[in-house]
Amino acid sequence: AEKPSYLFGTIHSDDPRVNRLPPEVQAALDASDSYVMEVVLDDAAIVELTNASMLAPEQSLRDFLDAPAYRRTVEAMARYGYPEPAVARLKPWVVLTTLSTPRSRGGEILDLVLFTRADSLGKRIHGLETVAEQVAVLDQIPIDEQIAALKDTLDHLDQLERVFVDLYDAYLSRNLTRLVELSDEQLHFGDRAAGEALMKRLIDERNQRMVERLQNRLREGGAFIAVGALHLPGEAGLIALLRAQGLKAEDA
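Below, the structure is looked at part by part. If you're wondering where the values come from, they're calculated on a predicted model, not measured in any experiment.

**Section: the packing of helix 4 (residues 67-78) against helix 6 (residues 92-99)**
Two quantities define a packed helix pair, namely the angle between the axes and the distance from one axis to the other.
Step number 1: Two numbers describe how helix 4 lies on helix 6: the axes approach to 11 Å, and their chain directions differ by 50°. Here helix 4 lies oblique to helix 6, going by the angle between them. The interaxial crossing formed by helix 4 with helix 6 has left-handed handedness. Facing Thr73, Ala76 and Met77 of helix 4, the residues of helix 6 in contact are Val95, Thr98 and Leu99.
Step number 2: The residue inventory of the contact of helix 4 with helix 6, partitioned by class, reads four nonpolar, two polar and no charged.

Following this line, the structure appears as structure tokens:
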């Protein structure tokens, strides 16, 4: 029989409890022939992502926010290590996604830990999406929705800190249901409908694309597939979509 493939949910964090790989995860990765991630994080991708995060040269984030909201954004982003001139250049969704993830402790995020290990072991590396595709998903969010979500996040920064603590606990206890609940809670403290529309765009639609692009890897077998944990659960999640294709998926 062909080698099994593994599907592993990651979380965007460099918390040592998260990015220290459990022995069984390490063993599964080491035994795999290929490593599959959302986007291959090579130098070219990082440059492309940086460029795609910037507003047009004639624009500034100040153009989109009233003065108090801009001031609060600058203060919040300073805690993430961004000086004001850099913040002024960023698209609203970049600020939004930055403030929606825990602050870095200066370590490597989990996806990068896995990627570095797979690369150093000489695994074939594949991305399920391109940077351009990932960016397009975010760029297509109407600007007024980006601003509304950003202001919503600014209003709830203290609550977010608590959500992050719960997120780690849910992740470390491998509780996907709780992760989804927390992400729902975090996504929109305010506008439910906008939050759900955003989730559909960020998760459900991309899941369809990911499943299509996983076909070759799954046929080959021996793949270690690492994607954000929120892509796994639910009716529109990767586990359900793969099972619907007749694949046998079991918890490892």
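There's plenty left to go through after this.
**Points about the packing of helix 9 (residues 143-155) against helix 10 (residues 157-172)**
Step number 1: Closest axis-to-axis distance for the helix 9/helix 10 pair is 5 Å, and the angle between their directions is 80°. Taken together, helix 9 and helix 10 sit at an angle that is classed as roughly perpendicular. Mapping the contact onto sequence places Thr153, Leu154 and Asp155 in helix 9 and Leu157, Gln159 and Leu160 in helix 10.
Step number 2: The class makeup of the residues in the contact of helix 9 with helix 10 is three nonpolar, two polar and one charged.

**Details of the nonpolar core**
Step number 1: Grouped together as the largest cluster of nonpolar side chains are 57 residues, with contacts concentrated most on Tyr35, Leu110, Leu114, Tyr171 and Phe224.
Step number 2: For this core, the leading source of residues is helix 10, giving eight residues.
Step number 3: Excluding residues that lie within four positions of it along the chain, Tyr171 makes contacts with Phe8, Gly9, Thr10, Ile11, Val18, Leu110, Leu179 and Ala229.
Step number 4: If you look at the next biggest cluster of nonpolar residues, it comprises 13 residues, including Val211, Leu214, Leu238 and Leu241.

**Here we look at unusual backbone geometry**
Step number 1: The residue Arg174 is not glycine, and still its phi comes out positive at about 60°.
Step number 2: With respect to the element layout, Arg174 can be found in the loop between helix 10 and helix 11 (176-187).
Step number 3: On the basis of relative accessible area, Arg174 is assigned to the partly exposed category, the value being 45%.

**A short note on the packing of aromatic side chains**
Step number 1: In total, this model carries two aromatic pairs according to the counting rule given.
Step number 2: Where Tyr35 meets Phe224, the ring centres are 6.2 Å apart and the plane angle is 25°; that geometry is what we call stacked. Of the two residues, Tyr35 is situated in strand 2 (residues 34-37) and Phe224 in strand 4 (residues 223-228); the sequence distance between them amounts to 189 residues.
Step number 3: For Tyr35, a relative accessible area of 0% puts it in the buried group.
Step number 4: Positioned over the ring face of Tyr171 is Arg174, at 5.2 Å from the centre of the ring.

**A short note on the pattern of salt bridges**
Pairs can form between side chains of opposite charge once their charged atoms are near each other.
Step number 1: The tally for this structure, following the rule as stated, stands at 16 salt bridges.
Step number 2: Via salt bridges that share partners, Glu38, Glu129, Arg206 and Arg209 belong to a single interconnected network.

**Quick word on empty space enclosed by the protein**
Step number 1: What the rule picks out here adds up to one cavity of 30 Å³ or more.
Step number 2: For the largest cavity, the full set of lining residues is Arg79, Tyr80, Leu99, Arg103, Leu157, Leu160, Glu161 and Phe164.
Step number 3: For the lining of the largest cavity, the element with the most residues is helix 10, which contributes four residues.
Step number 4: Classifying every residue of the lining of the largest cavity gives five nonpolar, no polar and three charged.

What counts, and where the lines are drawn
Residue numbers here run from 1 along each chain, matching the order of that chain's written sequence. Selection of residues for local features in this predicted model requires a pLDDT of at least 70, selection of side-chain atom pairs for listing and counting requires 80 or more, and totals for whole chains, interfaces and linings are taken over all residues. Side-chain measures were taken over the full set of non-hydrogen atoms in the model, leaving aside hydrogen atoms and water. To define axes, lines are fitted to C-alpha atoms, for helices over the stretch in contact only, and angles between the resulting N-to-C directions are given on a 0 to 180 degree scale. Strands here mean DSSP runs of E at least two residues long; helices mean DSSP runs of H or I at least four residues long; both are numbered from the N terminus. An angle counts as roughly parallel when it lies under 35 degrees, as roughly antiparallel when it exceeds 145, as roughly perpendicular when it falls between 65 and 115, and as oblique in every other case. It is the rotation of the near helix from the far one that decides the hand of a crossing: anticlockwise by less than a right angle makes it left-handed, clockwise makes it right-handed. Here, residues are in contact when the closest pair of their heavy atoms is within 4.5 Å. By the convention adopted, Pro, Cys, Tyr, Trp, Phe, Met, Ile, Leu, Val and Ala count as nonpolar, Lys, Arg, Asp and Glu as charged, and the other residues, Gly among them, as polar. By nonpolar core is meant a set of buried Ala, Val, Leu, Ile, Met, Phe, Trp, Tyr and Cys residues that side-chain atoms within 4.5 Å join together. Burial status follows relative accessibility: with a 1.4 Å probe on protein chains alone, a residue under 20% of its type maximum counts as buried, one over 50% as exposed, and anything between as partly exposed. Each aromatic pair joins two rings of Phe, Tyr and Trp (for Trp, the six-membered one) with centres within 6.5 Å, and gets the label stacked for planes under 30 degrees apart, edge-to-face for over 60, and tilted for any other angle. Look at NZ for Lys and CZ for Arg. If either is within 6 Å of the ring centre and within 35 degrees of the ring normal, a charge sits over the ring. Throughout this description, the term salt bridge denotes a Lys or Arg side-chain nitrogen within 4 Å of a carboxyl oxygen of Asp or Glu. Of the grid points, spaced at 1 Å and generated over the protein atoms alone, those admitting a 1.4 Å probe that cannot get out make up cavities, while open sets with protein on both sides within 12 Å along at least five of seven lines make up pockets; any residue with an atom within 4 Å of a point is treated as lining. Grid points are joined across faces, edges and corners, and a volume is the space filled by probe spheres set on the points.

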